[in-house]
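If you want the building blocks of each chain, they are given just below.
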Amino acid sequence: MNTLPPDPDPTPPTPPTASQRVIAAFERITEANRPELWSTLRAVEDVLVDAKAVEERVQAGEDLPLAGTVIAVPELIDVAGQPSGRSVPETSATVVSRLTAAGAVVLGKTGAATVASAWDRTKTGGRGAAVAVALGIVDLALSTAGAIPAALNAVVALKPTRGLLPMTGVRASEAVSVYTNGLVAGRRALVLMTGPDGFSATRTWPADVRLGAGEHPRVAYASDLPLSPAASIAFENTVKRLTAAGVVLEPVAVPAGVPEGFDALLLPTVPDHPELAEALADPATVHHRLAHCTAFANLLDLAAVTVPVLPGDQRPFGVTFLTRAFEDQIGLDLATVCTDEPMTPYPEPGEDVVVFGAHLRGQPLNARLTELGARFTRPVRTTEGYRMVLLDTVPPQPGVLEGESVLDGECWRLSPAAFERFVTTLKKPFVLDRVELDDGSRPLAVRCDPHASGTGLDRYESWRGYVRFTSTAGPRDPG
């Protein structure tokens, strides 16, 4: 028998400093040999000055979530000191200044995307922000070109609800999108850019915004679009993957928006991937064909998430999840099924509530949360100091009282209006009171009146543990 201790877990690699990332970006620019990507490429010396400033801020103790990130910005979005149309603005667009305040460094400005700007990661022509991300030159790019360049370059595109991002310094009527190689990085950028700046017209989250669609969201998918054989296989595989994850999908003729009774609409982003020669020979016709699937989404008040999927011929292809305005989170959560990334919140205003009993997922009262658009955020555990008692209710529910045990539960997030409605569903002896979790936080939780009586469940740390006991052991003393 091997008695040697196991090998220690490998030490995670140290992330590059801002200067190291900038040097790597310029090396990649040389390797790619794609000067047509850029309308303006900043001098390496100037970019390194910005990178050094970021490193000094980090050393001073600032928390910079984008330190070590290089970004590209399109011609139609202002960057201080860089040409924007026929002028050179003195200040950056709000969305740019918010990213740089968080530690990002601007590498340069990309040109307008063309159909010919995307064929695959190594054989692209034309210009475009999505190409710069796909080639690994930048970590993140802003764009006003929408989903098509992202699909043709196998990158993620996030287009938030119109009005959530301030448009100060954006010289375009189209919404700003974010291109990245992953949903987590894109969502992080959206979080940093979202919110009013006091100058441009913005919108605020509705009080009753839906933050989730439950464990089995209903998604309509387009069934009547002419797709190439490879694109058809990729789209069908996406439908199968979502179905396996518990999503309820139904085929529909392409509607003008998300159909009534559904949480989202799933579309192929493009019907095929054109050959480069075809795109160069007749770009207008090819662009019209590619835009057929999702062009209407840009005209409607919808949020969109585009993620890459791999078709049968190995060339980039993508699918787009469309959701109603302000239901961006639902689209992000659905897209994680395709990318195998963790679900992460796009922070809308709301209230966290911890539940321990019949409101848990899979339990009889969980629908009271999901029907209000609540979103499961994480499993939680309390500190020692609580206990459960079995109350005489229908359906059976535990009451949470002070005690000496830890309890397992779930944290759910509700919009302000949904939280108010949820409170009205709690009948005596249930009350909302704070609990202390093992991470030190003290959220509100469904507890019960301290004078409530019931059979003690002291041997259980979770309601599900008790439910499993009764389902296997039958009625007997649970204490």
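Structural notes, computed from the coordinates.

How each quantity is defined
- Residues numbered from 1 in each chain as written.
- Predicted model: local features only at pLDDT ≥ 70, side-chain atom pairs only at ≥ 80, totals over all residues.
- Heavy atoms only, no water.
- Axes fitted to C-alpha atoms, helices over the stretch in contact; angles between N-to-C directions.
- Helix = DSSP H or I, 4+ residues; strand = E, 2+ residues; numbered from the N terminus.
- Parallel < 35°, antiparallel > 145°, perpendicular 65-115°, else oblique.
- Contact = heavy atoms within 4.5 Å.
- Nonpolar A, V, L, I, M, F, W, Y, C, P; charged D, E, K, R; others polar.
- Disulfide = S-S within 2.5 Å.
- Buried < 20%, exposed > 50% of the residue type's maximum accessible area, 1.4 Å probe, protein only.
- Pairing = 2+ DSSP bridges.
- Core = buried A, V, L, I, M, F, W, Y, C linked by side-chain atoms within 4.5 Å.
- Salt bridge = Lys/Arg side-chain N within 4 Å of Asp/Glu carboxyl O.

1. Topic: the packing of helix α7 (residues 229-244) against helix α10 (residues 328-339)
Here is step 1 of the chain: Packing of α7 against α10 leaves a shortest axis separation of 10 Å and a crossing angle of 110°. Judged by the angle between their axes, α7 and α10 are roughly perpendicular. Residues Thr 238, Arg 241 and Leu 242 of α7 pack against Leu 334, Val 337 and Cys 338 of α10.
Here is step 2 of the chain: Residue composition of the contact of α7 with α10, grouped by class: four nonpolar, one polar and one charged.

2. Considerations on the state of the cysteines
Here is step 1 of the chain: Counted under the stated rule, the structure contains zero disulfides.
Here is step 2 of the chain: Here Cys 448 is not cross-linked by a disulfide; its sulfur's nearest cysteine counterpart is in Cys 411, at 19 Å.
Here is step 3 of the chain: Taking the relative accessible area as the measure of exposure, Cys 448 reaches 4% and is therefore buried.

3. Some details on the sheet that holds strand β13 (residues 375-381)
One key point about sheets: their strands pair by backbone hydrogen bonds, in either a parallel or an antiparallel sense.
Here is step 1 of the chain: One open sheet holds the five strands; their spatial order is β13-β16-β12-β18-β17, and the pairing between them is mixed. Both edges of this open sheet fall to β13 and β17 (430-434), since each of them pairs with a single strand only. On average, each strand axis in the sheet is inclined to that of its neighbour by 35°, with strand direction left out of account.
Here is step 2 of the chain: In this sheet, strand β18 (residues 444-448) lies alongside strand β12 (residues 351-355) in parallel orientation, the contact comprising two bridges. Opposite Val 353, over in β18, you have Leu 444 as the bridge partner.
Here is step 3 of the chain: Packed on one face of the sheet, helix α12 (residues 416-424) meets β12, β16 (408-414), β17 and β18 and runs near 125° to β16.

4. A word on unusual backbone geometry
Here is step 1 of the chain: Cis rather than trans, the peptide bond between Val 394 and Pro 395 has omega equal to -5°.
Here is step 2 of the chain: Residue Pro 429 is reached from Lys 428 by a cis peptide bond, and omega for that bond is 10°.
Here is step 3 of the chain: Checked against the element boundaries, Pro 429 lands in the loop between α12 and β17.
Here is step 4 of the chain: In the Ramachandran plot, Asn 33 falls in the positive-phi region, its phi being about 55° despite a non-glycine side chain.
Here is step 5 of the chain: Within the secondary structure, Asn 33 sits in the loop between α1 (18-32) and β1 (38-41).
Here is step 6 of the chain: Not every positive phi belongs to a glycine, and Asp 340 is a case in point at roughly 60°.
Here is step 7 of the chain: The residue Asp 340 is located in the loop between α10 and β12 in this model.

5. Overview of the nonpolar core
Here is step 1 of the chain: Core analysis: the largest hydrophobic core is formed by 62 residues, its most contacted members being Leu 142 and Leu 266.
Here is step 2 of the chain: Broken down by element, this core gets its largest block of residues, six residues, from α10.
Here is step 3 of the chain: When sequence neighbours within four positions are dropped, the list of residues in contact with Leu 266 reads Val 219, Ala 220, Tyr 221, Ala 222, Phe 235, Thr 238, Val 239, Leu 242, Leu 249, Val 319, Thr 320 and Phe 321.
Here is step 4 of the chain: Within the second largest apolar cluster, 37 residues are counted, among which are Val 354, Val 355, Val 389 and Phe 469.

6. Overview of the pattern of salt bridges
Here is step 1 of the chain: For the coordinates displayed, the defined rule picks out 21 salt bridges.
Here is step 2 of the chain: Between Arg 28 and Glu 31 there is a salt bridge, with the nearest N and O atoms lying 3.4 Å from each other. Placement of both Arg 28 and Glu 31 in helix α1 is noted, with a separation of three residues, approximately one turn of the helix.
Here is step 3 of the chain: Arg 28 sits in the partly exposed class, given a relative accessible area of 26%.
Here is step 4 of the chain: Close ionic contact of Arg 218 with Glu 250 constitutes a salt bridge, the shortest N to O distance being 2.4 Å. Separated by 32 residues along the polypeptide, Arg 218 in strand β7 (residues 218-222) and Glu 250 in strand β8 (residues 248-252) bring together distant segments of the chain.
Here is step 5 of the chain: According to the relative accessible area criterion, Arg 218 is partly exposed, its value standing at 28%.
Here is step 6 of the chain: The exposure class of Glu 250 is partly exposed, given its relative accessible area of 31%.
Here is step 7 of the chain: Among the charged side chains, a network of salt bridges with common partners joins Arg 210, Asp 263 and Glu 327.

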